[in-house]
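Observations on chain architecture
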Amino acid sequence: MTDTLLSQITARASDRFRKRYGRDPQWIAAAPGRVNLIGEHIDYNDGFVLPMAIDRYCVIVAAENDEARMSNDECQKPADHSSFVIRHSSLNARVYSVSADDEVVIPLAEPARHSTPGHWSNYIAGVIAGCTARNMRPSGFDAVIESDVPVGGGLSSSAAIEVATATLVEAMTGVSLDPIEKALLCQKAEHEYAGVPCGIMDQFASVMCRSDHLMLLDCRSQQIEHIPFSDLNVTVLIINTNVKHELSGGEYAERRNQCESAARKLGVASLRDATLGQLESSRSELSVAEYRWARHAIGEIARTVEAAAAIKAGDWPHVGQLMYASHNSLRDDYEVSCPELNLLVELASKIGPQGGVIGSRMTGGGFGGCTVSLVETAKVEQVAKKISQSYRIEAGIEPSILTSRPARGAHITRTN
Ligand code: GLA
């Protein structure tokens, strides 16, 4: 499945590249989206998260452009060094996005933010700026970018663009970044160029996830344990509500800030170090939001560690219970769910273990996007059909269905 989808999108993007730029691509970089099984809104609280890469990728197909070729020629003429410097500082990346049907030119010496906030090219410009700051300077290039990671679905479509860009620059410059440094560079691009104060989960997942494994990430030590997910009787079902409630990025930053202030009031470095007992005894010092949001974070950190152990032990019913508990906490305490996500989880839980549903919860940042459910493989089609039908009737919206095995992290699929 992974190979088929990835090779299809790669072939499409390469074809576009040839038609648009009239030559063959030299490099093809791919980076996946991710789904988080449990551990939501705790990466920025130094907790544990448990994502896997999905077999939906952002692919960038690229080749050096004329500017690069001219500057290479200059490079071979030592006497003309000054001219080389001028040319090098005027190199550009010309990038065409298939989904936006839009081309941008990014000056490589000083990749600026796009004048439209939230523009897709900001992720690319931010990563190129991070690479340049590490002296990884790609020569001028043309590129086509295509992605089948749903946008706004909480499946990290933006991290996939960032990580695909960093992977491309690695191939173009022949310099390999340390994987942690690469993920952090991409996170920084998201902070500085997209203005989203995200945690580290999405970029770490897109860089480091492995096929057939879940990635248990300790967000404090940044250590990773790859947990085999080899039980073919269990399928990861992702259902997109196809709603995105526009609540400006402020909702995310607000939670992050309140969690930090709750930790300060509890006298700990982060909520990773707090216990529910401590929280209860300091309750009067905390605002209502600080108290409830901290209660989610402390509980969710414990649930994630427990879920990882249950998966290793093959105790799927326990994993399912933890997923429902996670959803309830995100809905009632953390207040990041929405009616459509709650409806999908309710429909899944009504089908229950007899109907093949092990567990279900919202996944990602929230306020819309997707649920993730674990379902017995033999019953997954039936379950997806049943939930879709009821959701369509009750919410009046057509959901999208996706299933995925844990897929491979970012890689180069072709280099010339
Ligand atoms: C977004 C952020 C992540 C993480 C999740 C919530 O995806 O980018 O860092 O905080 O929300 O778990």
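A few points on the structure. (Residues numbered from 1 in each chain as written. Predicted model: local features only at pLDDT ≥ 70, side-chain atom pairs only at ≥ 80, totals over all residues. Heavy atoms only, no water.)

This brings us to the site of the ligand. What surrounds the ligand is the set Arg34, Glu40, His41, Asp43, Tyr44, Cys198, Gly199, Met201, Asp202, Tyr252 and Gly365. A distance of 2.6 Å is found between an oxygen atom of the ligand and a side-chain nitrogen or oxygen belonging to Asp202. When its residues are assigned to classes, the shell around the ligand shows four nonpolar, three polar and four charged. (Near = heavy atom within 4 Å. Polar contact = N/O pair within 3.5 Å; in protein donor to acceptor, adjacent residues only side chain to side chain. Nonpolar A, V, L, I, M, F, W, Y, C, P; charged D, E, K, R; others polar.)

Our focus in this paragraph is the pattern of salt bridges. Applying the stated criterion to the full structure yields 30 salt bridges. Taking the shortest distance from any N to any O, the salt bridge between Glu103 and Arg20 comes out at 3.3 Å. Remark: Arg20 occurs in helix 1 (residues 2-21) and Glu103 occurs in strand 5 (residues 102-107); sequence separation between them is 83 residues. We classify Arg20 as partly exposed; its relative accessible area is 39%. (Salt bridge = Lys/Arg side-chain N within 4 Å of Asp/Glu carboxyl O. Helix = DSSP H or I, 4+ residues; strand = E, 2+ residues; numbered from the N terminus. Buried < 20%, exposed > 50% of the residue type's maximum accessible area, 1.4 Å probe, protein only.)

The biggest cluster of nonpolar side chains holds 122 residues, and the ones touching the most others in it are Val59, Val95, Phe141, Val236, Leu271 and Leu374. Other than its neighbours up to four places away in sequence, Leu374 contacts Leu37, Val234, Thr235, Val236, Trp316, Val319, Met323, Gly356, Val357, Ile358 and Gly359. In this structure, Ile239, Leu347, Val357 and Ile387 belong to the second largest nonpolar core, which totals 14 residues. (Core = buried A, V, L, I, M, F, W, Y, C linked by side-chain atoms within 4.5 Å. Contact = heavy atoms within 4.5 Å.)

As enumerated under the stated definition, the model contains four aromatic pairs in all. The interplanar angle of 65° and the centroid separation of 5.3 Å between the aromatic rings of Tyr44 and Tyr252 together place this pair among those described as edge-to-face. Residue Tyr44 is found in the loop between strand 1 (27-36) and strand 2 (48-49), and its partner Tyr252 is found in helix 8 (residues 250-266); the two are separated by 208 residues along the sequence. Relative to Trp316, the ring of Phe229 has its centre 5.5 Å away and its plane inclined at 35°; by these criteria the two rings are tilted. Within this pair, whereas Phe229 is found in the loop between strand 8 (223-228) and strand 9 (234-244), its partner Trp316 is found in helix 11 (residues 316-332), the two being separated by 87 residues in sequence. Across from the ring centre of Tyr334, 5.9 Å away, lies the NZ or CZ of Arg255, which sits over that ring. (Phe/Tyr/Trp six-rings, centres within 6.5 Å; stacked < 30°, edge-to-face > 60°. Lys NZ or Arg CZ within 6 Å of the ring centre and 35° of its normal.)

Here we take up the packing of helix 10 (residues 288-312) against helix 11. When two helices pack together, you describe them by how their axes are tilted relative to each other and by the distance separating the axes. Look at helix 10 against helix 11: their axes get within 9 Å of each other, and the N-to-C directions meet at 165°. If you check the angle between helix 10 and helix 11, you find them roughly antiparallel. Of the two possible hands of crossing, helix 10 and helix 11 adopt the one that is left-handed. Note on element contacts: helix 11 touches helix 10 through Trp316, His318, Val319, Leu322, Ala325, Ser326, Ser329, Leu330 and Asp332, opposite Arg292, His296, Glu300, Arg303, Glu306, Ala307, Ala310 and Ile311. Looking at the contact of helix 10 with helix 11 residue by residue, the class counts come to eight nonpolar, four polar and five charged. (Axes fitted to C-alpha atoms, helices over the stretch in contact; angles between N-to-C directions. Parallel < 35°, antiparallel > 145°, perpendicular 65-115°, else oblique. Left-handed = near helix turned anticlockwise from the far one by under 90°.)

Here the focus is the environment of Gly154. Tracing the backbone shows Gly154 in the loop between strand 6 (141-147) and helix 5 (157-173). The contacts of Gly154, once residues within four sequence positions are left out, are Arg34, Thr363 and Gly364.

Our focus in this paragraph is the pairing of strand 10 (residues 357-362). Within strand 10, six of the six residues are buried, which leaves it mostly tucked inside the rest of the structure. With five bridges joining them, strand 10 and strand 11 (residues 368-376) adopt antiparallel strand pairing. What sits directly across from Met362, in strand 11, is Thr371. The turn linking strand 10 back onto strand 11 is made up of five residues, and Gly364 within it adopts a positive phi angle of 90°. (Pairing = 2+ DSSP bridges.)

The end-to-end C-alpha distance of helix 6 (residues 179-193), which contains 15 residues, comes to 21 Å, matching closely the 21 Å that a straight helix rising 1.5 Å per residue would cover. Of the positions making up helix 6, those classed as buried are Lys182, Ala183, Leu185, Cys186, Gln187, Ala189, Glu190 and Tyr193. Turning to helix 6, the residues buried within the fold contact helix 4 (121-133), helix 5 and helix 7 (201-208). For helix 6, the N-terminal cap is Asp178; the gap from its side-chain oxygen to the backbone nitrogen of Ile180 is 3.1 Å. Residue Gly195 follows helix 6 closely and has a positive phi angle near 70°. (Expected span 1.5 Å × (residues − 1).)

Our next topic: the packing of helix 8 against helix 10. The interhelical angle for the contact between helix 8 and helix 10, taken along N-to-C directions, is 90°, at an axis separation of 9 Å. One element, helix 8, and the other, helix 10, form an angle in the roughly perpendicular class. Residues Glu254, Arg255, Gln258, Cys259, Ser261, Ala262 and Lys265 of helix 8 form the contact with helix 10, whose own contacting residues are Glu290, Trp293 and Ala294. The residue inventory of the contact of helix 8 with helix 10, partitioned by class, reads four nonpolar, two polar and four charged.

As a further point, take the side chain of Ser121. With respect to the element layout, Ser121 can be found in helix 4. Excluding its chain neighbours within four sequence positions, the residues that come into contact with Ser121 are Val104, Ile106 and His114.

Right, let's get into the sheet that holds strand 2. Spatially, 2-7-8 is the arrangement adopted by the three strands of the open sheet, whose pairing is antiparallel. For this open sheet the edge positions go to strand 2 and strand 8, each flanked by a neighbour on one side alone. In the sheet, strand 7 (residues 213-218) pairs with strand 8 via six bridges, with the strands oriented antiparallel. Following the sheet pairing, His213 is matched in strand 8 by Pro228. Contacts from helix 7 reach strand 2, strand 7 and strand 8 within the one sheet, and its direction differs from that of strand 7 by about 140°.

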